Amino acid sequence: PYTTLFRSPDGRPIGPEFASGNRLVYIPTSIIKVGGAYTFPFGLNMYVNGRFKSTTKFVTALYPGGLLTQPEHWIWDYKMAQPIFGGKIKLTFAIENVFSKFYFENGGIPSNVARYIVGVESRF
């Protein structure tokens, strides 16, 4: 029922309107996060995390009309970390948005691209 946006003087949408006090109109009403981790005997740590969001709208000046509707959705992330040299160095690999769903948020704009992250951490 709400489609009101705050607009800049030139008419561009810059943010969501408020409804019923201090609740933002375009924030999902339900967000659920789940996750699990397992460590293998040889030290490899694996993490799987999922997040669910109810239907919401993105407010962006980059989309015609300034609003982009997103239905409810799940996003899954995966990460593994392997310590080496007695834990002094840790190698990591992660995938955010494993299934490349359109609902991944990249700077407030939906993106259909999975993000791959490779890292090295050292401690002395």
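Here the structure is shown first, and the text comes after it.
Residues numbered from 1 in each chain as written. Predicted model: local features only at pLDDT ≥ 70, side-chain atom pairs only at ≥ 80, totals over all residues. Heavy atoms only, no water.

Novice: Sorry, what's going on with the pairing of strand E5 (residues 31-39) here?
Specialist: Side-chain direction in a regular strand flips from residue to residue, so the side chains alternate between the two faces of the sheet. Bridge count for E5 against strand E6 (residues 45-53) is nine bridges, and the pairing is antiparallel. Among the inter-strand pairings, Thr39 is bridged to a residue of E6, identified as Asn45. Hairpin connection between E5 and E6: a loop of five residues separates the two successive antiparallel strands, and Gly43 in this loop has a positive phi of roughly 100°. (Pairing = 2+ DSSP bridges. Helix = DSSP H or I, 4+ residues; strand = E, 2+ residues; numbered from the N terminus.)

Novice: Looking at this model, I keep getting lost on the packing of aromatic side chains. Mind explaining?
Specialist: How two aromatic rings sit relative to each other is given by the distance of their centres and the angle of their planes. All chains considered together, the criterion is met by five aromatic pairs. Arranged with centres 5.4 Å apart and planes meeting at 15°, the rings of Phe40 and Phe42 form a pair that is stacked. Look at Phe40 and you get partly exposed, because its relative accessible area is 27%. With relative accessibility at 55%, the residue Phe42 sits in the exposed group. (Phe/Tyr/Trp six-rings, centres within 6.5 Å; stacked < 30°, edge-to-face > 60°. Buried < 20%, exposed > 50% of the residue type's maximum accessible area, 1.4 Å probe, protein only.)

Novice: What is the right way to look at unusual backbone geometry in this model?
Specialist: In terms of backbone geometry, most residues other than glycine have negative phi values and most peptide bonds are trans. Unlike most non-glycine residues, Phe85 shows phi in positive territory, near 55°. Unusually for a residue other than glycine, Asn97 sits at a positive phi of about 65°. Within the secondary structure, Asn97 is located in the loop between strand E10 (89-96) and strand E11 (104-106).

Novice: Would you mind showing me how to read the pattern of salt bridges here?
Specialist: All chains considered together, the criterion is met by four salt bridges. Linking Glu121 and Lys90 is a salt bridge whose minimum nitrogen-to-oxygen distance equals 3.9 Å. Here Glu121 is found in strand E13 (residues 115-122), whereas its partner Lys90 is found in strand E10, with 31 residues between them in sequence. Look at Lys90 and you get partly exposed, because its relative accessible area is 28%. The partner of Arg115 in a salt bridge is Glu96, and the shortest N-O contact between them spans 3.1 Å. One end of the pair, Arg115, is in strand E13; the other, Glu96, is in strand E10, with 19 residues separating them in the sequence. Here Arg115 falls in the partly exposed class, since its relative accessible area comes to 39%. Among the ionic contacts, a cluster of salt bridges with common partners joins Lys90, Glu121 and Arg123. (Salt bridge = Lys/Arg side-chain N within 4 Å of Asp/Glu carboxyl O.)

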